[in-house]
Structures are given as structure tokens and as C-alpha cells.
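Notes for the structure review
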Amino acid sequence: VQITCMVLNHDGNLEDACLLGAVSALLDLKLPAVKIDMKGGGNGVVQIVSPSYDHEEDDVTEETKDANRITKLTIQKGTIPISLTMGVYDNHKILVDMTREEEVVCKGVVTVVVTTTGEIVSLTKCGGLAMSPEDMAACVHLAIGRAKEVEELLLSLDEAS
């Protein structure tokens, strides 16, 4: 599975939006049934099994049932990566969800990707402004709070579909 994000226009917070879009796409992903053909003794060839809709009830085999099976990708609660990008300004004030104009004038940017269980997936700081460990911990804390809100929303939307 490969996801490509094509951005036509943005007003800031691009990394967060792209990750959220990719996660949403994965939550909605449905995969067709496949079989592995081991002919020739090699590694095997993965083939999509064509669905069959023209069988009589008595004529349905296990292979036909498998062909009609669509698998929805499942992602466990607590493992969804959610990012939060924050701008840092001269007076060490932190601003979340910056617009493009705010991104331009900030002295540094911190992007934290976390799961709702508190696992830090990624932490990136760009810009020349030094940050104290307390400020970095505050950024991680904010990201975990945002992750819980966003994961709850994503999972509720996924259950509704």
C-alpha cells in the first residue's frame, strides 16, 4: 500500500493535514481477496480473486466465498499516529495549528507525532530558537491531548461508515 499526498493549496499546518489525510485513507481502505499461486516453485504470485456473483446457492464453494470477501484494514486503538505542529516565538510562547503567515514569522517549529498511548513516533524541531526541556515536554503533552481528540473522532467516523 502506498499513499501519495498531492497538495493543491494550503494555508499552513501542511504536515499535520497530510498525515491526517493518510491515516483517514488507511482507515477507509478495503482490500480485495487474494490468493498466492505457488506454481513453478518460486516465491509465488499474488493474484486478486475475482468476485463471483452468478452462482446458485447450492453452487457456492469456499473459493467463491473467499472471492467475495473484502477485507477492511483494521488499526488498533492507541496505534494511530497523530501529529501536532507548533510554532515557537521569541518570548517562548507556543502556538498550535499555525496559518501560513504565522509559520513565516515564528522563530522555530516543533512537530510531534504521537499515539494516544503516549508513544512518541517522531519529534522534529526546526529553527534556531533554543527550547528548554520543559517547553519540549509541554509540546509533547499538547500533542498527546490532540491525539486523543483526533483518534476519538477518526474512530467514531470509521464506525459510522
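Structural data are supplied above this passage.
Residues numbered from 1 in each chain as written. Predicted model: local features only at pLDDT ≥ 70, side-chain atom pairs only at ≥ 80, totals over all residues. Heavy atoms only, no water.

By the secondary structure assignment, Lys 107 is in the loop between helix 3 (100–105) and strand 7 (108–114). According to the relative accessible area criterion, Lys 107 is partly exposed, its value standing at 41%. A sequence separation of 15 residues divides Lys 107 from His 92, and the C-alpha atoms of the two residues are 9.2 Å apart. Aside from chain neighbours lying at most four places away, what touches Lys 107 is Val 88, Tyr 89, Asp 90, Gly 127, Gly 128 and Leu 129. (Helix = DSSP H or I, 4+ residues; strand = E, 2+ residues; numbered from the N terminus. Buried < 20%, exposed > 50% of the residue type's maximum accessible area, 1.4 Å probe, protein only. Contact = heavy atoms within 4.5 Å.)

This part is about the pairing of strand 7. Most of strand 7 sits inside the fold, with six of its seven residues counted as buried. Two strands pair when backbone bridges link them, and strand 5 (residues 82–88) and strand 7 are joined in this way by seven bridges, in the antiparallel orientation. For Ser 83, the partnering residue across the bridge sits in strand 7 and is Val 113. From the end of strand 7 to the start of strand 8 (residues 120–127), which pair antiparallel, there are five residues, and Gly 118 there has a positive phi angle of about 95°. (Pairing = 2+ DSSP bridges.)

All right, on to the pattern of salt bridges then. With the rule as written, the count across this model stands at three salt bridges. Ionic pairing is found between Arg 146 and Glu 149, a salt bridge with its closest N-O pair at 4.0 Å. Taken as a pair, Arg 146 and Glu 149 lie in helix 4 (residues 133–160) at a separation of three residues, close to a single helical turn. Judged by relative accessible area, Arg 146 falls into the partly exposed class, the value being 22%. A network of salt bridges, in which partner residues are shared, links Asp 97, Arg 146 and Glu 149. (Salt bridge = Lys/Arg side-chain N within 4 Å of Asp/Glu carboxyl O.)

The nonpolar side chains of a soluble globular protein tend to be buried with one another. In this structure, Ile 80, Val 110, Val 112 and Leu 154 are the most contacted members of the largest nonpolar core, which totals 21 residues. Put simply, the parts of the chain that give this core at least two residues each are helix 1 (14–27), strand 5, strand 7 and helix 4. When residues of this core are assigned to their parent elements, the largest contribution, nine residues, is made by helix 4. Residues within four places of Leu 154 in sequence aside, it is in contact with Leu 20, Val 23, Ser 24, Leu 27, Ile 80 and Ile 82. (Core = buried A, V, L, I, M, F, W, Y, C linked by side-chain atoms within 4.5 Å.)

The backbone of Asn 13 sits at a positive phi, close to 60°, despite the residue not being glycine. Within the secondary structure, Asn 13 sits in the segment before helix 1. We note that Asp 97 has phi near 50°; this positive angle belongs to a residue other than glycine. By the element assignment, Asp 97 lies in the loop between strand 6 (94–96) and helix 3.

A word on the packing of helix 1 against helix 4. Where helix 1 meets helix 4, the axes come as close as 10 Å, and the angle between the chain directions of the two elements is 30°. Looking at the two axes, helix 1 sits roughly parallel to helix 4. With respect to the hand of their crossing, helix 1 and helix 4 are arranged in right-handed fashion. Two secondary-structure elements touch here, helix 1 through Leu 20, Val 23, Ser 24 and Leu 27 and helix 4 through Val 150, Leu 154 and Asp 158. For the contact of helix 1 with helix 4, the residue count by class is five nonpolar, one polar and one charged. (Axes fitted to C-alpha atoms, helices over the stretch in contact; angles between N-to-C directions. Parallel < 35°, antiparallel > 145°, perpendicular 65-115°, else oblique. Left-handed = near helix turned anticlockwise from the far one by under 90°. Nonpolar A, V, L, I, M, F, W, Y, C, P; charged D, E, K, R; others polar.)

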